[in-house]
Amino acid sequence: MTYESAGAATAFAPPETGELVVYRGLTLFDGTGSAPRPHMTIVVDGSVIRSVADESDVVAALADGAEVVDLSGHFATPGLIDAHQHLATPPDRPVAEAVLRRLVYGGVTGVRDMADDLRHVGDLARATRVGEIAGPDIHYAALMAGPSFFDDVRTHQVTQGATAGQVPWMQAITDATDLPLAVALARGTYASAIKIYADLDAALVAAVTAEAHRQGIAVWAHATVFPATPGQVVEAGVDTVSHVTLLAHESSTGPLTSYKNKPAVEHAALVTGRDPRLDALFARMRSQGTVLDATAGMWAADALAGDDPAAIERARRNTELAIALTAQAHRAGVELATGTDYETDPDDPFPALYEELAFLVRRCGIPTLDVLRSATLVGTRSAGVDHLTGTVEPGKLADFVVFAQDPLADIDHLRTITQTVKRGRRFPRSAYTAERPRENR
């Protein structure tokens, strides 16, 4: 490889330490809980924020010969996080790269990939991290479930050439499993977490969680694992739970058997948003710091719209349930992360995350400031990287987004994005064009 081709291969790499850029004149929502501040300056050194100060306090940085970017009249937030992505079910590199490119040019600096073919996802994570391709940082999970789950067609899509349930990123767990070894195998994929998916009882959920934490890896779980209930999943001490509609099974009066045989829920009682069984669950989640990856808007998305009366009615009822339970969780003080679990059409210029944030504001009634905190700091907490990013502060990674209009005034102003800064590398919105790659056949 020549020097020139090596440089081209890392065109999106973070800049080196010592490369100073001063972003001046902007109004900053820094994600720390402070009110937005006008006339602010962010000084970036390589991939890290050196200082955040009032516009009048930039003399030292300017004296160092820094590049100056005038953002007068613009607004900035920390980088956005999509806490529920699937980039490789099934693996398709051109499609995944197009999704990642749209995400980063849409202000998304980090995603949680919630269990896919990790042979594929691991290389995507490496490529975005070193700058071979444009994309957010990827934090991904290795999946564990009961043996009965592994006849699901998706598990075969992500283990081609091997056996579903018998690979480190898709493991079937029973009472006889050597859990220290199983967790070590999952960690060997370089996963950020273990995802507990389905068909495990409360005792196994607790045992997996305890062993994962003993080995220093997080646990991301479905909100109901079947037969383990939401309360049992939370009691096990998992770090995040996904899919707010699955929390409805906390009110089930009959037994929970398996992922494929979900019982009906008490819809009429739950959509009031005042069910005491959910109040008790949310109180426990708040006290334990369990993050809820709600995926609240997925059932209202065009991408998942049904084309027959039964599917349309199912989506309508799930949307009602998601609105009520997400609003109830927010009122109870549960930390919400903003995941999608779907993507918009490839021709759409913006990612599905924008739809999720608008859904939380407009349909769930959550204040825009809280939603932006969920999409930034809480999102990084869900991925276990809030010590590195999620707020615009000195010492954190230079992950932030710039808008022409204030997204706190109107969540649709996300669509006025002018640039993303990810690990100090600028991704100007003007450089983005939508791509529809030829899918693998």
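Residues numbered from 1 in each chain as written. Predicted model: local features only at pLDDT ≥ 70, side-chain atom pairs only at ≥ 80, totals over all residues. Heavy atoms only, no water.

1. Details of the pairing of strand β8 (residues 137-145)
Now for step 1: Within β8, nine of the nine residues are buried, which leaves the element mostly enclosed by the surrounding structure.
Now for step 2: Neither face of β8 is left uncovered, since the one carrying Asp137, His139, Ala141, Leu143 and Ala145 and the one carrying Ile138, Tyr140, Ala142 and Met144 both have all their residues buried.
Now for step 3: As paired elements, strand β7 (residues 108-113) and β8 share four bridges and run parallel to each other. When the bridges of β8 are listed, Val111 appears paired with Ile138.
Now for step 4: Direction of pairing for β8 relative to strand β11 (residues 193-196): parallel, over a ladder of four bridges. Each bridged residue has a counterpart across the sheet, and for Leu143 the counterpart in β11 is Lys195. (Buried < 20%, exposed > 50% of the residue type's maximum accessible area, 1.4 Å probe, protein only. Helix = DSSP H or I, 4+ residues; strand = E, 2+ residues; numbered from the N terminus. Pairing = 2+ DSSP bridges.)

2. Thoughts on the pattern of salt bridges
Now for step 1: Within the structure shown, the criterion is met by 25 salt bridges.
Now for step 2: A salt bridge links Lys260 to Asp151; the shortest N-O distance between them is 3.0 Å. Here Lys260, found in the loop between β13 (240-242) and α9 (267-270), pairs with Asp151, found in the loop between β8 and α5 (153-157); they are 109 residues apart in sequence, far enough to count as distant.
Now for step 3: Of the residues examined, Asp151 reaches a relative accessible area of 53% and is grouped as exposed. (Salt bridge = Lys/Arg side-chain N within 4 Å of Asp/Glu carboxyl O.)

3. Quick word on the packing of helix α10 (residues 276-288) against helix α11 (residues 309-331)
Now for step 1: As a packed pair, α10 and α11 sit with axes 9 Å apart at the nearest point and diverge in direction by 45 degrees. What the angle tells us is that α10 and α11 run oblique. Here α10 and α11 pass one another in a crossing that is right-handed. Facing α10, whose interface residues are Leu278, Asp279 and Phe282, α11 presents Leu325, Gln328 and Ala329.
Now for step 2: Along the lines of polarity and charge, the residues of the contact of α10 with α11 split into four nonpolar, one polar and one charged. (Axes fitted to C-alpha atoms, helices over the stretch in contact; angles between N-to-C directions. Parallel < 35°, antiparallel > 145°, perpendicular 65-115°, else oblique. Left-handed = near helix turned anticlockwise from the far one by under 90°. Contact = heavy atoms within 4.5 Å. Nonpolar A, V, L, I, M, F, W, Y, C, P; charged D, E, K, R; others polar.)

4. Comments concerning the confidence of the model for the protein chain
Now for step 1: Per-residue confidence for the protein chain gives a mean pLDDT of 94; residues scoring 70 or more make up 95%.
Now for step 2: Note on residues 1-7: pLDDT is under 50 here. Beyond four places in sequence and across chains, it has one contact. (pLDDT = per-residue confidence, 0-100.)

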